[in-house]
Amino acid sequence: MYLKKFSLLLVVVIMSMFSIHNVYASQRFADVPSSHGAYEEINYLVDLGVIKGYTEKDKTIFKPNAFVTRGQAAKMVIESTNNKPLIVSKSSFSDVQVGTELSGYVESAIKLGYFEEYSSGKFGPNVPLTRNEMSKILSKAFQLNEDQYSKLALPFTDVKPNDPYYKYIAAIYYNGITKGDTTGTKYNANEAVKRSQFASFITRANNEKYRLDLPVQGVTVPDSKDAIGQVSAITNNLNVRSSTDSSQSTNIIGKVNTGTKFTLYEILSNGWLKVAYEGRYAYVSKEYVQYLEESGHVLGAADKQVKSFGEISLYKTRDVSSKVIGTFAEDATINVYGTNGNWYLTEIDGLPGYVRISQTTEIVVTPPDEEEPTTPPDNTVEEENPGEPENPSESENPGEPENPGEETPEQPEIPQLNTKTIGSVTVNGLHIRAQASGSSDSLGKIDRGTLVEVHSISENWAKITYNGIDGYIHKTYLRLINQTGSAVAGRIIIIDAGHGGKDGGTSSGNAVEKAITLKVSTLVKEKLEEAGAVVKMTRTGDTYPTLPERVSFAKENYGEMFVSVHVNSATNTSAKGTETYYSVSNNENEKEDLALATAINNQIVKNAHMNNRGVKRADYVVIKGQIMPAVLVELGFATNAEDRNKLTDSKYIDIYAQSIYDGIVEYYSK
């Protein structure tokens, strides 16, 4: 009985202690009632020993609405981060007396990098702390890794991304330390911080329990690589908004006048454009701007129209690695506003961009007095096998190769120039150099199709004459044409027998790719050499050069053409036929790739009676890495019985080799 009474008394005493503590806590500061917004945060700092308050007229007060000074903030941040005051013999500042309590906190805060001097030689201990300064102090003191927030967008319209405090403000915002003003749209960077506010900020930084709900991260500030173009305003006082709601005025973040340019990021379906404005995403009405092309000008009148061959991409700049900003459907009519190298300047719904010339065909306008052909040429690439192809020998013009990719550009009539070998320029804007060096002086520029006399070739350089000008041209940009004798005499041709050694390639039954490709390639070499060509093979036996080694081999041997021979396979055994690839990647010689691929593919289809799977584009390593005309030939499918029988028949092995030879000769004959 006695024990029970004692236990009950002990419980009462303990409860009384808690009650007394709670009453004491609620009465710590007469000017901070329990209803105060920073009540818990202030008492948290009191319990940590960071703050004490003031005693006035026998009352303990905190002065929550007074501005916190730089000196007070220095003490609070040093105490809350468990750092120690730094004792010095000489003060670093003329307005901080050495030996005082303030001196130790100030010196420590400066050494730790939390503060900077206020003015020359002064700390400004009694100067109110600004919100800008607060953001940097807390970011540094509590190691918020501000750099990782430097590219995140802020909702504050008064903080620009180029503001030196931007990353610190972003750090405390995304860590739930502040949300800005009551509207959440302004930060008021130069406003002084109240004591109650700083108590809240420092408590949230120190203890995640007190942090605000974190904003959604991942919304970045505009990055130029994501842009799709540019526009300019065509009216004065154009509203720039933070959202697409034109019914409210609170989302207006700026006004601009006629001629102001914006980087464009998105065209919205509701008539608005997403643009960059003062370092953040914003919106302007499409009705009051005009699109600009890459040079910053409005598109003029179209020069001509062309057709797309297949579905083709509209690129932001003249580079296939640039952003794709649109797509033309197959056989779409494309307005051409200019030509730059291998690119056409065009537009989709007004948005300017570029398409590759090689993926378009000219629109031929037939004069009224000429009769329309009864059957247009069929340039369709067949992906599947609809049946046996027509026998080319029965066609009206068996001497002209079919072009499964696009119409082969018309070649200029070759005049009888004064040298045995002439060169047809394969690109626009090609420099004639004074010496055999890319850094040598330019003697002028010539365009695709221009013919030059070739006197000699040394490694990669051709000594030429054009219109009385003697100079040098990199031979990679010349289709070298022999005016007499064999079309391939003297040409350096690289033949790549696919796979080899440890890499057998595909196989089915008695068809093994590495063996087939070597047999065909060796025969091609023999035929070319007999016609006077210089032929280099990436492998002559059952070895395995790596793919990069094959690319390097071609360059080291000053190759003028690269043909890689392969055998195809598919899970569907009905897949059959020949297809030839050239690279997707930007290549100034892509028209030459296409011409060579077309010639070889059509010769194999015709001579070996193969299903025509067409000329296609893919970035296989051995052709992607070449600038010289380069193609990859898939002779047929080892997995298809009909093709396999041909691939393992010595008669057809010779036909494949002869067809590749004929395609190469055809290429050099035009």
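What you see is a predicted model, and the numbers here were worked out from it, not measured in a lab.

Draft legend 1. Quick peek at the overall build of the chain. Within the chain, the secondary structure is distributed over 13 helices and 32 strands. Relative to its 670 residues, the chain shows a buried fraction of 46%. When contacts within the chain are restricted to residue pairs at least 6 apart in sequence, those whose partners lie at least 24 apart make up 69%. Roughly 33200 Å² of accessible area belongs to the chain as shown, and the carbon and sulfur atoms make up 48% of that amount.

Draft legend 2. Fine view of the pattern of salt bridges. In the structure shown here, the tally under the stated rule is 22 salt bridges. The shortest N-O distance in the salt bridge between Lys63 and Glu56 comes to 3.1 Å. The class of Lys63 is partly exposed, set by a relative accessible area of 29%. For Glu56, a relative accessible area of 37% translates into the label partly exposed. Close ionic contact of Arg617 with Glu590 constitutes a salt bridge, the shortest N to O distance being 2.6 Å. Within this pair, whereas Arg617 is found in strand S31 (residues 612–617), its partner Glu590 is found in helix H10 (residues 590–607), the two being separated by 27 residues in sequence. Accessibility expressed as a relative area gives 21% for Arg617, which makes it partly exposed. A single network of salt bridges, built from pairs that share partners, joins Arg356, Glu590 and Arg617.

Draft legend 3. Layout of the confidence of the model for the chain. The predicted model of the chain has a mean per-residue pLDDT of 85, with 86% of residues at 70 or higher. Every residue in residues 11–25 scores below 50 in pLDDT, and together they form two contacts with partners more than four places removed in sequence or on other chains. The low-confidence segment residues 366–415, where pLDDT is below 50, has 71 contacts with residues more than four positions distant or belonging to other chains.

Draft legend 4. Highlighting the sheet that holds strand S10 (residues 304–308). The strand order S13-S10-S17 describes an open sheet built from three strands, whose pairing is antiparallel. Single-partner strands in this sheet number two, and they are strand S13 (333–336) and strand S17 (360–362). Across the sheet, the mean angle from the axis of one strand to that of its neighbour is 45°, orientation sign disregarded. When S10 meets S17, the two strands line up antiparallel, connected through three bridges. Its bridge partner lying in S17, Lys307 is registered against Thr361.

Draft legend 5. Structural view of the packing of H10 against helix H13 (residues 650–668). Where H10 meets H13, the axes come as close as 8 Å, and the angle between the chain directions of the two elements is 145°. In terms of crossing hand, the pair formed by H10 and H13 is right-handed. Here H10 contributes Glu592, Ala595, Leu596, Ala599, Ile600, Gln603, Ile604 and Asn607 to the contact with H13, which in turn contributes Ile655, Tyr656, Ser659, Ile660, Asp662, Gly663, Ile664, Glu666 and Tyr667. For the contact of H10 with H13, the class distribution of residues is ten nonpolar, four polar and three charged.

Draft legend 6. Spotlight on helix H7 (residues 195–206). Between its terminal C-alpha atoms H7 stretches 16 Å, which fits the 16 Å expected from twelve residues at 1.5 Å a residue. The element H7 is largely enclosed, with a buried count of ten among its twelve residues. Listed as buried for H7 are Arg195, Ser196, Phe198, Ala199, Ser200, Phe201, Ile202, Thr203, Arg204 and Ala205. Elements in contact with the buried residues of H7: helix H2 (39–48), strand S1 (54–56), helix H3 (70–80) and helix H5 (131–141).

Draft legend 7. Just the pairing of S10, in detail. With four bridges connecting them, S10 and S13 associate as antiparallel partners. Bridge assignment links Lys304 to a residue of S13, and that residue is Val336.

Draft legend 8. Spatial organisation of the environment of Phe328. Along the chain, Phe328 falls in strand S12 (residues 324–328). Residues Phe328 and Gly310, 18 residues apart in the sequence, show an inter-C-alpha distance of 8.4 Å. Excluding its chain neighbours within four sequence positions, the residues that come into contact with Phe328 are Ser308, Gly310, Glu311, Ile312, Leu314, Ile334, Thr346, Glu347, Ile348 and Val355.

Draft legend 9. Quick look at the packing of aromatic side chains. For the coordinates displayed, the defined rule picks out 14 aromatic pairs. Each ring, one from Phe29 and one from Phe62, has its centre 5.4 Å from the other, and the planes form 55°; the classification is tilted. Here Phe29, found in the loop between helix H1 (2–26) and H2, pairs with Phe62, found in the loop between strand S2 (59–61) and H3; they are 33 residues apart in sequence, far enough to count as distant. Summarising the burial analysis for this pair, Phe29 and Phe62 share the class buried. Between the aromatic rings of Tyr44 and Tyr210, the centroid separation amounts to 5.2 Å while the plane-to-plane angle is 55°, which identifies the pairing as tilted. Separated by 166 residues along the polypeptide, Tyr44 in helix H2 and Tyr210 in the loop between H7 and strand S3 (229–233) bring together distant segments of the chain. According to the relative accessible area criterion, Tyr210 is buried, its value standing at 14%. Grouping aromatic residues by their ring pairs yields a cluster made of Tyr149, Phe156, Tyr173, Tyr174 and Tyr187. Sitting above the plane of the Tyr281 ring, Lys274 keeps its charged end 4.2 Å from the centroid.

Draft legend 10. Quick look at unusual backbone geometry. The backbone phi angle of Asn237 is positive, close to 55°, even though this residue is not glycine. Take Asn237: it is sitting in the loop between S3 and strand S4 (238–241). One non-glycine residue, His609, lies in the positive phi region at around 50°. Relative to the helices and strands, His609 is located in the loop between H10 and S31.

Draft legend 11. Spatial organisation of the sheet that holds strand S32 (residues 630–637). Pairing is mixed in the open sheet, where six strands are placed in the order S28-S25-S29-S32-S30-S31. This sheet does not close on itself; its edge strands, each paired only once, are strand S28 (534–537) and S31. The sheet shows a mean angle of 20° between the axes of neighbouring strands, direction not considered. Bridge count between strand S30 (residues 578–582) and S32: three bridges; the pairing is antiparallel. Looking at S32, one finds that Thr580 is bridged to Val633.

Cut-offs applied
Residues numbered from 1 in each chain as written. Predicted model: local features only at pLDDT ≥ 70, side-chain atom pairs only at ≥ 80, totals over all residues. Heavy atoms only, no water. Helix = DSSP H or I, 4+ residues; strand = E, 2+ residues; numbered from the N terminus. Buried < 20%, exposed > 50% of the residue type's maximum accessible area, 1.4 Å probe, protein only. Contact = heavy atoms within 4.5 Å. Areas by Shrake-Rupley, 256 points an atom, 1.4 Å probe, with all protein chains shown as cover. Salt bridge = Lys/Arg side-chain N within 4 Å of Asp/Glu carboxyl O. pLDDT = per-residue confidence, 0-100. Pairing = 2+ DSSP bridges. Axes fitted to C-alpha atoms, helices over the stretch in contact; angles between N-to-C directions. Left-handed = near helix turned anticlockwise from the far one by under 90°. Nonpolar A, V, L, I, M, F, W, Y, C, P; charged D, E, K, R; others polar. Expected span 1.5 Å × (residues − 1). Phe/Tyr/Trp six-rings, centres within 6.5 Å; stacked < 30°, edge-to-face > 60°. Lys NZ or Arg CZ within 6 Å of the ring centre and 35° of its normal.

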